[in-house]
Structures are given as structure tokens and as C-alpha cells.
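Notes for the structure review
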Amino acid sequence: MPTSEVPVVRFAPSPTGWLHVGGARTVLFNWLFARRTGGRFLLRVEDTDTERNRPELVDAIYDSIRWLGLDWDGEPVHQSDRFDAYREAARQLADAGHAYWCACSAEQVQARAKERGGPPGYDGFCRDRGLGPGEGRALRFRTPDEGTTSFDDVVRGRVEFENRTLEDLVVLRSNGTPTFILANVVDDAWMGITHVIRGEEHVNGTPKYLLIGDALGLGYRPVFAHLPVLVDEQRRKLSKRRDDVAVSDYRAAGYLPEAMVNYLALLGWGPPDGVEIRPLAEIVELFRLEDVTPSPAFFDVRKLQHVNGEYIRGLAVDDFVARAATFLPPGERPRQALQAMAPLVQERVRTLAEVPELIDFLWLDEPALDAAAWDKAMVRGKGAREVLDATLAGLERLGDDGWSAGTVRAVLEAAAVDAGLVGAEGKPQLAKAQAPVRVAVTGRAVGPPLFEAIEVLGRDATLGRLRAARARLG
RNA sequence: GCCCCCGUCGUCCAGUGGCCCAGGACGCCGCCCUUUCAAGGCGGUAACGCGGGUUCGAAUCCCGUCGGGGGUACCA
């Protein structure tokens with residue numbers, strides 16, 4: 001029985017893979033609920049399957065949770081430390097006749113089901129054989145033949161199951177280790193979990209969970225809240241196999257943890273006032289489990305990108321530089337280039353990973369030349385030679401001390417006029433004039449504001465690239 | 001097959017009998033701003049799966065149907 005007055009929730013990861021976004025969303029909602037209600041958020045590592053277990057992943061999961069800016073209370077429980085408790089529970093079930101020993105192998109169960117042509121699953125072969133424990137024997141829980149089991153789900157309302165549709169499930173493997181549901185029930189009761197907030201895929205296991213708890217005489221019943229699954233574009237549950245979903249991947253792709261968490265909060269829930277992008281602290285205040293939507297949510301990377309862009313633009317410049325620096329190639333030049341261009345770059349990227357490609361021409365000795373950009377600005381664009389010549393001449397007259405975005409701009413304007421690129425009122429058409437210069441200097445058709453970039457690049461490099469481009473143009 | 005869940009714009013979230021010929025956000029389209037690209041501003045596109053009820057009145061309630069998803073392991 002819960003000994004605590006406050007809500008207690010838990011996240012129970014299995015160390016068989018990295019934390020993926022679906023799991024992260026589950027962590028978040030548990031965390032939000034706990035923080036909102038003044039409850040406790042616990043962690044429980046479900047490593048009962050000694051075969052698939054990968055202990056080294058436990059730290060990776062903790063890291064991802066921490067990276068998201070979330071935390072947990074107390075020390076995580078490891079189920080591998082509690083096998084005695086589960087075996088004791090299993091013994092209790094067997095003694096009371098709620099479970100029986102089964103000698104069927106998984107293969108035999110499958111084979112019989114196939115032969116029957118009927119539904120897959122266990123057929124109750126050993127139900128009344130009165131077998132005792134022994135080599136190769138697993139303990140199965142005997143589900144009731146009649147009656148119904150139901151519960152009130154916070155997000156779905158009442159859910160009801162007919163007991164006869166429930167198959168007898170293994171609670172203790174033939175190797176003596178407990179299975180998921182047994183360990184789950186025992187630990188939830190032991191840890192005083194008041195609210196089980198987990199993925200929708202667990203709905204079907206809930207009646208078995210409840211029945212086992214009753215058979216154990218736990219007198220314990222948590223509140224359930226089954227969160228909608230996260231789906232991909234095919235509307236299938238996000239899968240580690242099919243989809244690229246590890247939280248660490250998003251970190252590596254240049255997403256900010258604040259943005260990630262904010263976006264995740266929007267899947268299956270929404271703030272009552274419709275303001276979607278806001279600090280976690282505010283979300284904590286607004287969050288209510290009862291408001292969670294029951295229908296599956298599509299994990300939309302494009303919206304994530306938008307949210308991320310908002311957060312990036314909201315960063316203090318120094319903070320932005322510090323965070324983006326991780327994504328730069330090593331060396332002083334990239335670092336200095338970023339420092340000099342930061343405010344202009346910050347406004348133009350949606351992920352930190354986009355930063356280097358935007359300004360790499362500032363530290364590369366020979367930036368790659370985009371063929372399409374060259375063709376459009378130099379070959380098909382009007383007056384490219386004239387613009388280049390006039391710009392070259394103008395910039396050559398500028399000394400190092402007169403070198404600034406402002407003076408460069410003035411040179412470009414004059415060059416535009418020289419090249420005949422003028423508008424109706426004789427105004428220089430800067431948009432057209434800068435095109436060939438941009439391609440010559442950066443190799444690309446798009447990038448940060450040109451004059452500022454040229455200021456940072458410096459006189460020598462700029463003139464060199466301009467001359468090279470002019471020579472190539474012929 | 002059986003069990004369970006879900007069903008409002010392409011996507012996420014609002015909407016819980018009349019305020020909705022459905023609102024916000026992302027995306028998309030257009031315009032403005034503009035040295036490119038972004039950002040920003042303005043405008044637009046686009047949905048209550050279908051069929052029956054109940055009701056003066058339904059996106060909102062009921063039934064059916066169709067569709068989608070999840071589970072059905074000695075994985076969790």
C-alpha cells in the first residue's frame with residue numbers, strides 16, 4: 001500500500017535500447033504530473049530479461065533524461081536486484097493455486113496453435129496436469145474463466161475485459177527469472193506507485209496486471225493513464241527499427257533540449273490558452289493528466305524544427321555561440337567566424353547542425369562551388385562580368401582600414417550602377433548586383449548577409465576569390 | 001482470428017448541444033519588408049470518415065458501419 005500522501009509515479013525503461021522520443025514523452029508526462037502535483041517521480045530499470053539486457057545502456061538512458069532537463073527522485077530501482085521478491089510472489093501464486101507449472105516450450109505452444117488453425121497463444125495444455133516445478137518448467141498464471149476485469153483510465157475512461165479472453169501467461173520463466181507483468185505488479189505495490197502513466201501499448205496487459213495483484217492479495221490498485229502512442233508518417237507506432245528516433249540522435253542533429261521537451265509536451269496535450277512555445281516551468285503549471293488526448297500523435301519533425309528555431313532565436317548570443325560551437329570543426333578560425341557572425345546566423349538556422357554550412361566559407365580556403373548557383377548568377381545572370389570588374393576595382397581602392405560592411409555595400413551599389421543594374425528611379429539594384437559577388441565569395445547562392453560576411457572574411461581573401469571567379473568567367 | 005483502443009484541416013492541439021457555414025499552431029500558397037536566405041508583418045488554402053437515430057437544434061449524445069492503430073511472447 002502507498003505509504004505516501006502524495007502521488008508517486010515512475011518511468012520503467014528496459015535497457016534494451018536507447019531512450020527514444022516515445023519513451024522521452026512518457027518520461028516527460030510522468031515528470032510533469034509529479035511536479036505539478038508535488039508528487040515523486042521514480043525510476044525503475046526493468047532488466048528482468050537476462051538474455052536481452054544491455055546494462056551499458058542504463059547510463060545512456062539516464063543521460064538522455066538529464067539532457068532533456070528532467071530529473072528524478074531518489075535512486076533508481078533495478079529489478080535485477082529484486083529477483084527474490086518476485087520468486088516469493090510466484091511461490092505465493094503457485095501455493096494458492098493461482099498459478100501452475102507448465103512444461104510446454106514456446107515452440108510447442110506455437111505449433112499447437114498453428115495446427116489448430118485457430119488463434120495463436122497458449123491453449124491451457126498444462127492447466128490441469130498438476131505438474132510440479134522442474135527443469136524446463138515455467139509458471140503460468142491462471143486467468144479466471146469468467147467475469148470481467150475493468151479499470152478507469154484517466155485518459156480513456158472505463159476499459160473492460162472479459163476474463164475468458166485472457167490467456168494464461170508465464171510469470172516465471174523456466175530459467176527462474178520473472179516476466180514483466182509479475183515484476184511490474186510487485187514493484188509498483190512495493191514502491192507505492194499511485195499512478196501508472198505509460199504507453200497505450202500496455203492497455204491490454206492491464207487486466208492481467210490487476211488480476212495478478214488481486215491474486216497476490218495486494219489490495220492495491222493504482223490509477224492508470226495510458227498515453228497515446230507516437231506514430232510515424234505511416235501512422236504506425238514509432239519503432240526503433242524503422243524510425244530514427246533516439247533522443248541522442250536529435251541531440252546530435254542540433255536540437256535544443258528545451259525545444260525537444262517543449263515539442264514533446266505538445267504531443268497528446270496542449271495548453272488551454274493555445275500558447276504552444278513556452279518555458280517548462282509554465283507547462284508544469286498548466287499540465288493536467290485529464291487533458292491528455294487519447295488518439296495517437298504523429299511525431300512531426302517539421303514542427304519540431306520550427307519550435308527549435310524559435311528557441312535558437314531566443315537564446316542570448318553568447319549562449320548561442322557556446323552551444324553552436326560544438327557543431328563546428330575544431331580550430332580557431334571557425335570559432336572566430338561564428339563569434340563574428342553569430343547574430344546573423346542565429347536568425348537563420350533551425351538546428352545547430354546547420355550553423356557550419358552557413359558560414360564555412362569564412363574558414364575554408366577554397367569553399368565548394370555550387371554549380372547551379374554559378375550558372376544562374378554568372379552565366380545566365382546579366383552583367384556578371386561588369387559587376388565583378390567594378391566591384392574588384394572599388395574594393396581594391398579600399399584600404400584595410402576602410403574595410404567594413406558599410407563601405408563594401410557602397411562599392412556594390414556603385415558597381416551596380418556601372419553594370420547598368422538600376423531601377424526605375426536610377427536606384428542601384430543591389431539584389432541583382434550581389435548575386436555574382438556572393439557566388440564568387442561564398443560559392444553559394446544563399447547565405448548570411450553578404451557585406452557583413454565580406455567584412456569578416458577580410459580584404460585579401462575577398463579580393464582573391466573575386467579575381468579567381470572573374471578569371472574563371474573568362 | 002480474438003481482445004482493446006482511436007477517428008475534427010496534410011500534421012498537432014481547441015471545441016464537451018445552440019457563441020462553429022468550426023478556432024490556434026506547423027506545413028503549404030500569395031503579398032509586404034528586404035543585399036540572397038531566413039526572420040517578421042498581412043492574407044489565403046484546408047477538417048467534423050460514412051449511415052441512421054435522439055433533439056427545436058449535434059463536431060459535441062446513442063447505435064451501426066467503415067477506416068486506422070495497439071495487443072495477442074518463457075520482450076518490456
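Residues numbered from 1 in each chain as written. Chains lettered and ligands numbered in written order. Predicted model: local features only at pLDDT ≥ 70, side-chain atom pairs only at ≥ 80, totals over all residues. Heavy atoms only, no water.

Moving on: the protein's contact with RNA strand B. Close contacts around RNA strand B come from 66 residues, with Thr48, Arg156, Arg173, Arg235 and Gly447 the closest. Each atom of RNA strand B within 4 Å of the protein was classed as base or backbone; sugar and phosphate made up 70%. One of the side-chain nitrogen or oxygen atoms of Lys237 is found 3.1 Å away from a phosphate oxygen of RNA strand B. Interatomic distance of 3.2 Å between a backbone N/O atom of Phe298 and a phosphate oxygen of RNA strand B. (Near = heavy atom within 4 Å. Polar contact = N/O pair within 3.5 Å; in protein donor to acceptor, adjacent residues only side chain to side chain.)

Right, let's get into the sheet that holds strand 1 (residues 8–11). Taken in spatial order, the three strands line up as 1-2-3 in an open sheet, and their pairing is parallel. For this open sheet the edge positions go to strand 1 and strand 3 (77–78), each flanked by a neighbour on one side alone. Where strand 1 and strand 2 (residues 40–45) come together, four bridges link them in parallel fashion. Residue pairing across strands places Arg10 opposite Leu42, the latter belonging to strand 2. Each of strand 1, strand 2 and strand 3 is contacted by helix 2 (residues 56–67), which is oriented at about 155° to strand 2, the strand it contacts most. (Pairing = 2+ DSSP bridges. Helix = DSSP H or I, 4+ residues; strand = E, 2+ residues; numbered from the N terminus. Contact = heavy atoms within 4.5 Å. Axes fitted to C-alpha atoms, helices over the stretch in contact; angles between N-to-C directions.)

Considering all chains together, one arrives at 32 salt bridges under this definition. We note a salt bridge from Asp188 to Arg44, for which the minimum N-O separation is 2.7 Å. Here Asp188 is found in helix 5 (residues 180–190), whereas its partner Arg44 is found in strand 2, with 144 residues between them in sequence. Arg44 matches Asp188 in its accessibility class, with the two residues each being buried. For the salt bridge of Glu276 with Lys303, the shortest nitrogen-to-oxygen distance reads 2.8 Å. Separated by 27 residues along the polypeptide, Glu276 in the loop between helix 8 (257–265) and helix 9 (280–286) and Lys303 in helix 10 (residues 301–313) bring together distant segments of the chain. Assessed through its relative accessible area of 30%, Lys303 is described here as partly exposed. (Salt bridge = Lys/Arg side-chain N within 4 Å of Asp/Glu carboxyl O. Buried < 20%, exposed > 50% of the residue type's maximum accessible area, 1.4 Å probe, protein only.)

To continue, consider the sheet that holds strand 8 (residues 170–172). Read across the open sheet, the three strands follow the order 4-5-8; overall the sheet is antiparallel. With one partner strand each, in any of the chains shown, strand 4 (99–102) and strand 8 form the two edges of the open sheet. Averaged over all pairs of adjacent strands, the angle between strand axes in this sheet comes to 45°, irrespective of strand direction. Direction of pairing for strand 5 (residues 138–141) relative to strand 8: antiparallel, over a ladder of two bridges.

Once that is clear, we can look at the pairing of strand 9 (residues 195–199). Burial of strand 9 is extensive: five of the five residues sit out of reach of the surface. Here strand 9 runs beside strand 10 (residues 223–227); their pairing, made up of five bridges, is parallel. In the sheet register, Gly199 faces strand 10, and the bridge partner there is Leu227. For the handedness criterion, the β-α-β arrangement of strand 9, helix 6 (residues 206–215) and strand 10 is classed as right-handed. (Right-handed = clockwise from strand over helix to strand, strands pointing away.)

Bringing unusual backbone geometry into the picture now. The phi dihedral of Arg235 falls on the positive side, at around 65°, and the residue is not glycine. Topologically, Arg235 is positioned in the loop between strand 11 (230–231) and helix 7 (247–252). Since its relative accessible area comes to 52%, Arg235 is described here as exposed.

Moving on: the side chain of Arg470. The residue Arg470 is located in helix 19 (residues 459–473) in this model. With residues near it in sequence (within four places) discarded, Arg470 still touches Arg385, Leu388, Asp389 and Leu392.

With that settled, the discussion passes to the pairing of strand 1. By the alternation rule, side chains of strand 1 split into Val8 and Arg10 and Val9 and Phe11, which are all buried. The parallel pair strand 1 and strand 2 is bridged by helix 1 (residues 21–37), and the resulting crossover is right-handed.

Our focus in this paragraph is the domain arrangement of chain A. According to the domain assignment, chain A consists of domain 1 (8–78 + 230–304), domain 2 (82–227) and domain 3 (365–474). For domain 2 versus domain 3, the separation of C-alpha centres amounts to 73 Å. (Domains from an automatic or database assignment.)

Before going further, it helps to spend a moment on the nonpolar core. Membership of the largest hydrophobic core comes to 104 residues, with the highest contact counts inside it found for Phe299 and Phe320. Element by element, the count of residues in this core is highest for helix 1, at nine residues. What Phe299 contacts, discounting residues up to four positions off in sequence, is Val21, Val231, Leu238, Tyr250, Met260, Tyr263, Leu264, Leu267 and Leu304. If you look at the next biggest cluster of nonpolar residues, it comprises 44 residues, including Trp101, Cys102, Val109 and Leu211. (Core = buried A, V, L, I, M, F, W, Y, C linked by side-chain atoms within 4.5 Å.)

Here we come to helix 3 (residues 83–95). Look at helix 3: 18 Å from first C-alpha to last across 13 residues, which is about the 18 Å you get at 1.5 Å a residue. Every buried residue of helix 3 is listed here: Phe83, Tyr86, Ala89, Ala90 and Leu93. Down the axis, helix 3 shows its buried residues gathered within 125° of arc, on one side only. Residues of helix 3 that are exposed and point over 90 degrees away from its buried face: Asp84 and Asp95. At its buried positions, helix 3 is contacted by strand 4, strand 5, strand 8, helix 5 and helix 6. Downstream of helix 3 by one or two residues, Gly97 has phi in the positive range, about 80°. (Expected span 1.5 Å × (residues − 1). Arc of directions from axis to C-beta.)

The next subject is the packing of aromatic side chains. Enumeration according to the criterion identifies nine aromatic pairs in this entry. When the ring of Tyr263 is compared with that of Phe299, the centres are 5.5 Å apart and the planes differ by 75°; the resulting orientation is edge-to-face. Taken together, the positions of Tyr263 in helix 8 and Phe299 in the loop between strand 12 (297–298) and helix 10 put the pair 36 residues apart, joining distant regions of the chain. Across the pair, exposure class does not vary: Tyr263 and Phe299 are buried alike. Three or more aromatic residues joined by ring pairs make a cluster, and in this case those are Tyr250, Tyr255, Tyr263 and Phe299. Its guanidinium or amino end placed over the ring of Tyr209, Arg198 lies 5.7 Å from that ring's centre, counting from NZ or CZ. If you follow Arg472 out to its NZ or CZ, it ends over the ring of Trp374, 5.2 Å from the centre. (Phe/Tyr/Trp six-rings, centres within 6.5 Å; stacked < 30°, edge-to-face > 60°. Lys NZ or Arg CZ within 6 Å of the ring centre and 35° of its normal.)

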